[in-house]
Amino acid sequence: MSDWIDKYLYDYQEQAQQQENRRQALYALGQRYWESLGAVIRRDATKLNAKAMSLLKSEIEINKRSLVPTSDELNVDRLAFPAIRLTIRLDLHAESIKITQSRKETPESDYDESTERLQLDVSREGQLVIKDANGKRLTIEEVSQYILGRFLKE
C-alpha cells in the first residue's frame, strides 16, 4: 500500500527525471544554435565591414586576439575609439549566452566592463527559445543585431 511518503518520493524522482531530460535537450539544442549563431555573426560582421565602414570607424574583427578562443567562445572587437571588445560565450550547460563587453573611450582611459546574458530555454514544442534580459524572445537574426548593433551606435 502506497502512502504519502511513497507518493512524494515518486513525484520527486519524476520531477528530477524531467529536469534531466530538459537539461540534455537544452544542451543539444544550444550547441547547434551556437554554431549557427557564430556563422550569422561572421556573415553580418563581414557585410557591415564591406558596406558600413564609415559608421563603424574601423573593421569589426572576429577572433583576432592573441589568445585563441575556445569552441564555445567568440571574440568580436572594434579597435577604433571608443574601442569595444566583446567576449561572447555559450555557458557550460548551454543555458545562456554570456556577453562581456569591455569599452575604452580614449587611449588614456581604462576599459569599463559590463556583463549580460541571453537566456536559452526549450519550449513545450521542443524548440530553442532565446530571451533577452526583459524576457523578449529573439530570433537568431535579432541576436546578431543585438550583438553587432552596438558597433554602429557610436
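First, a word on scope: everything that follows refers to the structure included in this document. A quick note: this is a predicted structure, and the numbers were derived from the prediction, not measured. (Residues numbered from 1 in each chain as written. Predicted model: local features only at pLDDT ≥ 70, side-chain atom pairs only at ≥ 80, totals over all residues. Heavy atoms only, no water.)

## Some thoughts on the sheet that holds strand β2 (residues 73-78)
- With antiparallel pairing, 7 strands are arranged side by side in an open sheet as β1-β2-β3-β4-β5-β6-β7. The sheet terminates laterally at β1 (60-62) and β7 (137-138), the two strands that pair on one side only.
- In the sheet, strand β3 (residues 83-90) pairs with strand β4 (residues 96-104) via 8 bridges, with the strands oriented antiparallel. The residue bridging Leu90 from the neighbouring strand is Ile97, located in β4.
- Strands in contact with helix α1 (residues 4-51) are β1, β2, β3, β4, β5 (112-122) and β6 (128-131); relative to β5, the strand with the most contacts, it is inclined by about 130°. (Pairing = 2+ DSSP bridges. Helix = DSSP H or I, 4+ residues; strand = E, 2+ residues; numbered from the N terminus. Contact = heavy atoms within 4.5 Å. Axes fitted to C-alpha atoms, helices over the stretch in contact; angles between N-to-C directions.)

## Side note on a nonpolar patch on the surface
- There is a patch of nonpolar side chains on the surface, built from Trp4, Ile5, Tyr8, Leu9 and Tyr12 and spanning about 630 Å² of accessible area.
- Its place among the elements puts Tyr12 in helix α1. (Patch = residues over 30% accessible without salt bridge, like charges linked within 9 Å, V, L, I, M, F, W, Y side chains within 5 Å. Areas by Shrake-Rupley, 256 points an atom, 1.4 Å probe, with all protein chains shown as cover. Salt bridge = Lys/Arg side-chain N within 4 Å of Asp/Glu carboxyl O.)

## Describing the environment of Asn134
- Within the secondary structure, Asn134 sits in the loop between β6 and β7.
- Distance in space between the C-alpha atoms of Asn134 and Tyr10 is 36 Å, their sequence separation being 124 residues.

## Quick word on the nonpolar core
- Core analysis: the biggest nonpolar cluster contains 30 residues, and Ile41, Val76, Ile88, Ile97 and Leu148 have the highest contact counts within it.
- The greatest single-element share of this core, amounting to 8 residues, is contributed by α1.
- Residues in contact with Leu148, not counting those within four places in the same chain, are Ile41, Asp44, Ala45, Leu48, Ile60 and Val76. (Core = buried A, V, L, I, M, F, W, Y, C linked by side-chain atoms within 4.5 Å. Buried < 20%, exposed > 50% of the residue type's maximum accessible area, 1.4 Å probe, protein only.)

## Topic: helix α3 (residues 140-148)
- Of the residues making up α3, those classed as buried are Val143, Ser144, Ile147 and Leu148. Looking straight down α3, one finds its buried side chains confined to an arc of 115°; they lie on one side. (Arc of directions from axis to C-beta.)

## Description of the pairing of β2
- The buried fraction of β2 is high, at 6 of 6 residues.
- What you see with β2 is no split at all: Glu73, Asn75 and Asp77 on one side and Leu74, Val76 and Arg78 on the other are buried throughout.
- Of the strand pairs in this sheet, β1 and β2 are connected by 3 bridges, and their pairing is antiparallel. What sits directly across from Glu61, in β2, is Asp77.
- Where β2 and β3 come together, 6 bridges link them in antiparallel fashion. In the sheet register, Glu73 faces β3, and the bridge partner there is Arg89.
- With antiparallel pairing between neighbouring strands as the criterion, β2 and β3 make up a hairpin whose turn holds 4 residues.

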